Structures are given as C-alpha cells and as structure tokens.
Amino acid sequence: MHDLIRVIVLGIIEGITEFLPISSTGHLLIAERWLGARSDLFNVGIQAGAILAVTLIYWKRIWQLLTQWRDPANRDYLFKLIVAFLITAVLGLIAVKHGFKLPETVTPVAWALIVGGFWMLAAEQVAARKPDRREITWTVAILVGIAQMVAGIFPGTSRSAATIFAAMLFGTSNRESATEFAFLVGIPTMYAATGYEMLKVLQDGGAAHEDWTALGVGFVVSAIVAFIAVKWLLGYIRTHRFTPFAIYRIALGVALLLLLPGGA
C-alpha cells in the first residue's frame, strides 16, 4: 500500500508538470529524492500517459489537419509542424550520438528553472507590446523545433516553456496560438522520444523485473491528471499571463540552491 501511494504521487506529479511550463524532469527528480527512484521504464510509462492525455484533448484538431490537408491553411500548418518535428528529431539524434546532455542533478535543474523563469517574464513583456498575432510563421516553426531540442539537453528547462515562449518571442504573440502549436509539435516528438527510450530499456532487459502493476497505475494516474491539468491551462491562458508560473520556477530554483547546495 505504501508503494502504491508513492506510485500515485509520482503519476500526479508527472501529470501536472509535463505540459505546464514548470519542468516535469525537475519535479520528478526532486520527488524521487524522498519517494525513491523508479525504473527508467516506469518513468517512460508515466510520461506516455501524459502524452496520451494531450493527444485526446487535441484529437479534433489533429484529425482536421490529417483529413483536410488539401485546405491551404491546414496544409501550411501541417508542414510547419512536420518541419519543427524533424528539426527536433535530427538535432536530438546528433546530441544523443555525441552524448551531449547535462546530468539530471539538482544544481543544473535549479539553474534551468531560474533562467527559464526570467525567460518567460521577458517573453510576456515582449509579447504584450506587440499586436495580437496568431499566425505561425516559418521562423516560429523552426525556432520551436530548436527549442524542443534545447529543452531535452538541459533538464529543468521544460519543453512546453521553451517552445511556447520561443513562439511568443519570435512572432506569435497570442498565448493560445503559441501554446497550441507547441503542444501539437510536442505530441509526435514525445511519442518518438518515449518509444526510443522504451526500446532501449527493453533491449537492455529492463522489462524482466518491472513492476507492471505499478507502471499501469502510474500511467493511468498520469493520463487523468494531465488531461485535467492541460484543460485547465488552456482555459487559464485565455485571460491570464504565464507570470505566476515564471515566479514559481524562480522561487523553486532558488530554494533548491539554498536547501540542497551540494546538488547531489
């Protein structure tokens, strides 16, 4: 029962933080210091639950893009999604091949949270001075693809924060439009990354001793919580800025540096 509670808590944390701009990696890393580390397959599994949730939320938009691609506007948007995904995939594979990734320890995560928080505050200020613009330009699509790769290399950055605010800083000042594009690009990207990680774990024999009941519970909890969290976020940003998330990131990062100065 005690282990089940820990699994549920980790699923809740993943569900809340995966698509909110506050870094799921950072929060899970912190949580596992007190709740105990889980297997790589478990972490991949609960991430898959969060991805499934956001896929269900956007399924109508995805279906529209796939079935109405002859419409010029849909075709243009779909091509930009594909290019952004390919940029992330290619750069990500290059980074993996050369082993370019910071260690998932507290200090770099804390600094990524702080820097990302100030990045969000700056982006909000810049976007507020621009006219409301919903268009996704090619510049935005390319930079969103690069931002996703950067978030993968620097734990604590937050993929959603990096991509949303790359869009807002470089052309798409409307929060809803920037968030939709960032999340839609994130769906194939995260499915591909999750599949890649799962394949590695299975090839290494990590599934032999896996607690499949715990993984299943974590997956379901993560999916349900992520669905609620993303639905809430999409409603929230219609009338509110991302400023509270930025302040939270900065406060959490500073607290980590002060409370865990060793960074282990």
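Looking at the packing of helix H6 (residues 106–128) against helix H11 (residues 243–259)
Direction vectors running N to C along H6 and H11 enclose 155°, while the axes themselves pass 8 Å from each other. Put simply, H6 runs roughly antiparallel to H11. By crossing handedness, the relation of H6 to H11 is classed as left-handed. When grouped by side-chain class, the residues that make up the contact of H6 with H11 number 16 nonpolar, 5 polar and 2 charged.

Focus: the side chain of Thr 172
Note that Thr 172 resides in the loop between helix H8 (159–169) and helix H9 (175–203). Among the residues examined, Thr 172 registers a relative accessible area of 0% and is labelled buried. Among the polar contacts listed, one links the side chain of Thr 172 to the backbone oxygen of Glu 135, at a separation of 2.8 Å. Once residues within four sequence positions are removed from consideration, Thr 172 is found in contact with Arg 133, Arg 134, Glu 135, Ile 136, Val 140, Ala 167, Ser 177 and Ala 178.

Brief notes about the side chain of Thr 189
Here Thr 189 is to be found in helix H9. Relative accessible area serves as the criterion here: at 13%, Thr 189 is assigned to the buried category.

Definitions and cut-offs
Residues numbered from 1 in each chain as written. Predicted model: local features only at pLDDT ≥ 70, side-chain atom pairs only at ≥ 80, totals over all residues. Heavy atoms only, no water. Axes fitted to C-alpha atoms, helices over the stretch in contact; angles between N-to-C directions. Helix = DSSP H or I, 4+ residues; strand = E, 2+ residues; numbered from the N terminus. Parallel < 35°, antiparallel > 145°, perpendicular 65-115°, else oblique. Left-handed = near helix turned anticlockwise from the far one by under 90°. Nonpolar A, V, L, I, M, F, W, Y, C, P; charged D, E, K, R; others polar. Buried < 20%, exposed > 50% of the residue type's maximum accessible area, 1.4 Å probe, protein only. Polar contact = N/O pair within 3.5 Å; in protein donor to acceptor, adjacent residues only side chain to side chain. Contact = heavy atoms within 4.5 Å.

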